[in-house]
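Analysis of the macromolecular model
Letter by letter, the chains look like this.
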Amino acid sequence: MVMAKPRSEHAFLERLVGIWDVTSEMSGETPWVETVRSLSRIWVIAEGKGDMPGGEGPATTMLTLGYDAAKGKYVGTWLGSMMDNLWVYEGEVEADGKTLSLYTTGPSMSGEGLADYREQITFLSDDHRTFNSSAKQPDGSWKQFMEAHYRRRARNPSATPPTCSNPKRRER
């Protein structure tokens, strides 16, 4: 086996490394924190921590992303402590060079069967990015149902401890 070496495609992933404060309509006034680290500049591993809306308690998410040269695609997984589905991704960086589109299949929102989803990571600046999720509609279009904003707190994940900035969470 030949050791993988970073390729030009990995540069997009390296932009994710750091500690990010995360806000979304779904989280309300309860911010999350995501810590993204690099694994030999081949993979990134992102761990998110925060409180579920509605007082449902703390939650953790894990995202892995890499570039599979044999497939010519970005690949990854997402899992969260709030569900038992492992989301498996394949995707590409869009022509704008700022957006990574990831495609997956998972449980439908209706609770019956499976559905196709697209998740997009878009850099608005070096220190501000969005993550949005869309469901594929019967006509083939995508309908967005979630968007989160990520603002970089630190570039080096070991520079600041990965704690949530929510004072109620720190008291636990």
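Before any of the text, the structure's been laid out above.
To keep things clear, this report deals only with the structure shown in the data block. For every chain, the first residue of the written sequence is number 1, and numbering continues from 1 along that sequence. Residue-level local features of this predicted model are given only where pLDDT is at least 70; pairs of side-chain atoms are given and counted only at 80 or more, and the full residue set underlies all totals for whole chains, interfaces and linings. The side-chain figures draw on all heavy atoms in the structure; neither hydrogens nor water molecules are used.

This part takes up the side chain of T104. Here T104 is to be found in strand β7 (residues 99–107). Pairs of N or O atoms within 3.5 Å make up the polar contacts considered here, provided that, within protein, one atom can donate a hydrogen while the other can accept it, and that residues adjacent in sequence are counted only when both atoms are side-chain atoms. Within the structure, T104 has its side chain in polar contact with the backbone oxygen of V88 (distance 2.8 Å). Not counting residues up to four positions away in its chain, the partners in contact with T104 are W87, V88, Y89, A115, D116 and Y117. Secondary structure is summarised from DSSP: a helix means a run of H or I of at least four residues, a strand means a run of E of at least two, and numbering begins at the N terminus for each. Residue contacts are counted whenever heavy atoms from the two residues lie within 4.5 Å of one another.

Turning to the pattern of salt bridges, a few remarks are in order. When the charged atoms of two side chains with opposite charge come close together, those side chains can pair. The salt bridge criterion pairs a side-chain nitrogen of Lys or Arg with a carboxyl oxygen of Asp or Glu, the two atoms within 4 Å. Across all of its chains, the model carries eight salt bridges by this definition. Here K49 and E47 are joined by a salt bridge, their closest N and O atoms 3.4 Å apart. Partly exposed describes any residue whose relative accessible area lies between the buried limit of under 20% and the exposed limit of over 50%, with all areas from a 1.4 Å probe on protein chains only and scaled to the type maximum. Overall, E47 belongs to the partly exposed group, its relative accessible area being 31%. Among the charged side chains, a network of salt bridges with common partners joins D127, R152 and R155.

As a further point, take empty space enclosed by the protein. Gaps left between atoms show up when a probe the size of a water molecule is rolled over them. Definitions used for this entry: grid spacing 1 Å over protein atoms alone; cavity, a set of points where a 1.4 Å probe fits but cannot get out; pocket, an open set with protein on both sides within 12 Å along at least 5 of 7 lines; lining residue, one with an atom within 4 Å of a point. Grid points are joined across faces, edges and corners, and a volume is the space filled by probe spheres set on the points. Evaluation of the coordinates by the stated rule reveals one cavity of 30 Å³ or more. Taken together, L16, E34, V36, V44, A46, L63, T64, L65, I121 and R129 form the lining of the largest cavity. Listed by contribution, the elements that provide at least two residues to the lining of the largest cavity are β2 (32–39), β3 (43–51) and β4 (58–68). Of all the elements, β4 adds the most residues to the lining of the largest cavity, at three residues. Across the lining of the largest cavity, the residue classes break down as seven nonpolar, one polar and two charged. Throughout this entry, Asp, Glu, Lys and Arg are counted as charged residues, while Ala, Val, Leu, Ile, Met, Phe, Trp, Tyr, Cys and Pro are counted as nonpolar. The remaining residues, Gly among them, count as polar.

This part is about the environment of H10. Tracing the chain through its elements places H10 in helix α1 (residues 10–14). Of the residues examined, H10 reaches a relative accessible area of 3% and is grouped as buried. Once the C-alpha coordinates of H10 and A95 are considered, the two residues, 85 residues apart in sequence, prove to be 16 Å apart. What H10 contacts, discounting residues up to four positions off in sequence, is K5, R41, I42 and Y67.

This brings us to the packing of aromatic side chains. For Phe, Tyr and Trp, where Trp contributes only its six-membered ring, two rings pair if their centres lie within 6.5 Å, and the inter-plane angle classes them as stacked under 30 degrees, edge-to-face over 60, or tilted in between. All chains considered together, the criterion is met by six aromatic pairs. Ring plane angle 70° and centroid distance 5.0 Å describe the contact between Y67 and Y74, whose orientation is recorded as edge-to-face. In this structure, Y67 and Y74 share a single accessibility class: buried. Consider the rings of Y117 and F145, whose centres lie 6.1 Å apart with planes at 75°: the pair is edge-to-face. Of the two residues, Y117 is situated in strand β8 (residues 114–125) and F145 in strand β10 (residues 142–154); the sequence distance between them amounts to 28 residues. Linked through ring pairs, F12, W20 and F123 together constitute an aromatic cluster. Throughout this description, the term charge over a ring refers to an Arg CZ or Lys NZ atom that lies within 6 Å of the ring centre and within 35 degrees of the ring normal. Directly above the aromatic system of F123 lies the positively charged group of R15, at a separation of 3.9 Å from the ring centroid.

Patches draw on residues past 30% relative accessible area with no salt bridge. Two like charges within 9 Å are joined, as are two nonpolar side chains (Val, Leu, Ile, Met, Phe, Trp, Tyr) within 5 Å. Where accessible areas are quoted, they stem from the Shrake-Rupley method and a 1.4 Å probe; at the residue level, only the protein chains shown are allowed to cover. Together, L79, L86 and V88 make up a nonpolar patch on the protein surface, roughly 250 Å² of accessible area in all. With respect to the helices and strands, V88 occurs in strand β6 (residues 87–93). Judged by its relative accessible area of 49%, V88 is partly exposed.

In short, the description is geometric, and any link to function would need to be established separately.
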